[in-house]
Amino acid sequence: VVAGSNVELACGAQGDPEPRLQWHKEHGDLPWDRHEVDQEHTLRLYTVTPADAGTYVCTAQSQLGTAAATAHLRV
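Not measured: the values here are computed from a predicted model. Every residue gets a number counted from 1 within its own chain, in the order that chain's sequence is written. The model is predicted, so local features are restricted to residues of pLDDT at least 70 and side-chain atom pairs to those at 80 or more, both for listing and for counting; the totals for chains, interfaces and linings are taken over all residues. Calculation of side-chain values draws on the structure's entire complement of heavy atoms; hydrogens and water are dropped beforehand.

**Observations concerning the UniProt feature "domain: Ig-like" (unreviewed entry) in the protein**
Rules: UniProt positions are given in the numbering used here, feature names are shortened, and annotations may be inferred rather than shown by experiment. To qualify as a helix, a DSSP run of H or I must reach at least 4 residues; to qualify as a strand, a run of E must reach at least 2; elements of each kind are numbered from the N terminus.
Under the UniProt annotation, "domain: Ig-like" (unreviewed entry) lies at residues 1-75. Taken end to end, residues 1-75 comprises 0% helix and 44% strand; its first and last C-alpha atoms sit 5 Å apart.

In structure tokens:
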């Protein structure tokens, strides 16, 4: 993506019991005050910078186990 733009990364999981979803960035933190996660578990990054480049991980966890998906962001 181009520096200064906004990015949306979607994540979804289903199960019974419903899994808890959480986003994190490998080797770093989510951009302070420039991100949000909505009720559909979409991660939004605002005004991205080259420092935001990297691998983002969505983890779904329930009593039955854990699953993860990754997204690689290049700025």
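Now, onward.
**Some thoughts on the pairing of strand E5 (residues 54-62)**
Cut-off, in case you're wondering: When DSSP finds two or more bridges between a pair of strands, those strands are recorded as paired.
Of the pairings in the sheet, the one linking strand E2 (residues 20-25) to E5 comprises 6 bridges and is antiparallel in character. Bridging from a neighbouring strand, glutamine 22 pairs with threonine 59 of E5. Taken together, the 9 bridges between E5 and strand E6 (residues 65-73) define a ladder with antiparallel strand orientation. Its bridge partner lying in E6, threonine 59 is registered against alanine 68. Hairpin geometry of E5 and E6 is characterised by an intervening segment of 2 residues between the two adjacent antiparallel strands.

**Thoughts on the environment of tryptophan 23**
Here is the rule we go by: We call a residue buried when its accessible area falls under 20% of the maximum for its residue type, exposed when it is over 50%, and partly exposed in between, using a 1.4 Å probe and counting protein chains only. Any two residues whose heavy atoms approach within 4.5 Å are treated as being in contact. We call two N or O atoms a polar contact when they sit within 3.5 Å, provided that within protein one can donate a hydrogen and the other can accept it, with sequence-adjacent residues counted only if both atoms are side-chain atoms.
Within the secondary structure, tryptophan 23 is located in strand E2. Judged by its relative accessible area of 9%, tryptophan 23 is buried. With 38 residues separating them along the chain, tryptophan 23 and glutamine 61 place their C-alpha atoms 12 Å apart. Discounting chain neighbours no more than four positions away, the residues touching tryptophan 23 are Leu9, Ala10, Cys11, Leu30, Val37, His41, Thr42, Leu43, Tyr56, Val57 and Cys58. Within the local environment of tryptophan 23, its side chain forms a polar contact with the backbone oxygen of histidine 41, the two atoms lying 2.9 Å apart.

**Points about the pattern of salt bridges**
The criterion, for reference: One side-chain nitrogen of Lys or Arg within 4 Å of one carboxyl oxygen of Asp or Glu is enough to make a salt bridge.
On inspection of all chains with the given rule, the structure shows 3 salt bridges. Here arginine 44 and glutamate 8 are joined by a salt bridge, their closest N and O atoms 3.0 Å apart. In this pair, arginine 44 sits in strand E4 (residues 43-45) while glutamate 8 sits in strand E1 (residues 7-9), placing the two residues 36 residues apart along the sequence. With relative accessibility at 53%, the residue glutamate 8 sits in the exposed group. One salt bridge in this structure joins aspartate 38 and arginine 44, with 2.7 Å as the shortest N-O distance. When salt bridges with common partners are traced through the structure, they connect Glu8, Asp38 and Arg44 into a single cluster.

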